[in-house]
Amino acid sequence: EKYNLLTGDVLVSAGVMAYLGPFTAKYRQMQIDSWVKACQEKQIPCSEKISLTGTLGEPVRIRQWNIDGLPTDGFSVDNGIIVFNARRWPLMIDPQGQANKWIRTMEKSENLAIIKLSDSDYLRTLENSVQFGRPVMLENVGEE
């Protein structure tokens, strides 16, 4: 039965990945419910309750993220799935520093370079990291 529902579940999950990353948990859930209703109206098979964790989540990887500092709530896990599966780099607004800690811990073994725009050598560090395929975290980016 799960395989029959896969089409709609993946469709809705793809919509979440593409469009709902910047929004609150409440708004995401409202939109997911709306998309599930639309799938049902168009007779596209899908689950009643769809979540990124259920569709795209890998329990072992999520557990490792939690060990690395990602909070265990569903919203944070969904954000982790979006960050991990996105084709582009993520912009994380992180007033509590939780995502920063998580990324630092998770990428420590990959020689994560941490730079700020105020660093005198930030451009050289960025170029070297891109050239050698190492992760980079640009911190404290302003609004301008």
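Residues numbered from 1 in each chain as written. Predicted model: local features only at pLDDT ≥ 70, side-chain atom pairs only at ≥ 80, totals over all residues. Heavy atoms only, no water.

## Thoughts on unusual backbone geometry
Residues other than glycine seldom take positive phi values, yet Gln43 does so here, at roughly 60 degrees. Positionally, Gln43 belongs in the loop between helix H2 (25-41) and helix H3 (52-56). What makes Gln43 exposed here is its relative accessible area of 72%. The phi dihedral of Asn111 falls on the positive side, at around 60 degrees, and the residue is not glycine. Note that Asn111 resides in the loop between helix H6 (98-107) and strand E1 (113-116). (Helix = DSSP H or I, 4+ residues; strand = E, 2+ residues; numbered from the N terminus. Buried < 20%, exposed > 50% of the residue type's maximum accessible area, 1.4 Å probe, protein only.)

## Concerning the environment of Trp102
Take Trp102: it is sitting in helix H6. When its relative accessible area of 3% is taken as the criterion, Trp102 is described as buried. Between the alpha carbons of Trp102 and Trp65 there is a distance of 7.3 Å; along the sequence they are 37 residues apart. When neighbours within four sequence positions are excluded, Trp102 is seen to be in contact with Trp65, Asp68, Gly69, Leu70, Gly80 and Val83. (Contact = heavy atoms within 4.5 Å.)

## So, the pairing of strand E2 (residues 136-139)
Here E2 shows one buried face, formed by Met137 and Glu139, and one open face, formed by Val136 and Leu138. Pairing analysis gives four bridges linking E1 to E2, with the strands arranged parallel. The partner of Ile115 across the bridge, within E2, is Leu138. What joins E1 to E2 is helix H7 (residues 122-132), and the crossover it makes is right-handed. (Pairing = 2+ DSSP bridges. Right-handed = clockwise from strand over helix to strand, strands pointing away.)

## Things to note about the environment of Val36
Relative to the assigned elements, Val36 resides in helix H2. By relative accessible area, Val36 is classed as buried at 5%. Considered as a pair, Val36 and Gly15 are 21 residues apart in the sequence and their alpha carbons are 11 Å apart. Among residues more than four places away in sequence, those in contact with Val36 are Cys46, Ser47, Glu48 and Ile50.

## With respect to the nonpolar core
The biggest cluster of nonpolar side chains holds 20 residues, and the ones touching the most others in it are Val16, Ile32, Ile50, Trp65, Ile81, Trp102 and Ile103. When contributions to this core are tallied by element, the ones reaching two or more residues are helix H1 (2-19), H2, helix H4 (59-67), helix H5 (74-85) and H6. When near neighbours in sequence (up to four residues on either side) are disregarded, Trp65 contacts Leu70, Val77, Gly80, Ile81, Phe84, Trp102 and Met106. (Core = buried A, V, L, I, M, F, W, Y, C linked by side-chain atoms within 4.5 Å.)

## Considerations on the pattern of salt bridges
Within the structure shown, the criterion is met by three salt bridges. A salt bridge links Glu139 to Arg104; the nearest nitrogen and oxygen atoms lie 2.7 Å apart. With Glu139 in strand E2 and Arg104 in helix H6, this pair connects stretches of sequence that are 35 residues apart. Judged by its relative accessible area of 9%, Glu139 falls in the buried class. Judged by its relative accessible area of 34%, Arg104 is partly exposed. Within this structure, Arg104, Lys116 and Glu139 form a network of salt bridges that share partners. (Salt bridge = Lys/Arg side-chain N within 4 Å of Asp/Glu carboxyl O.)

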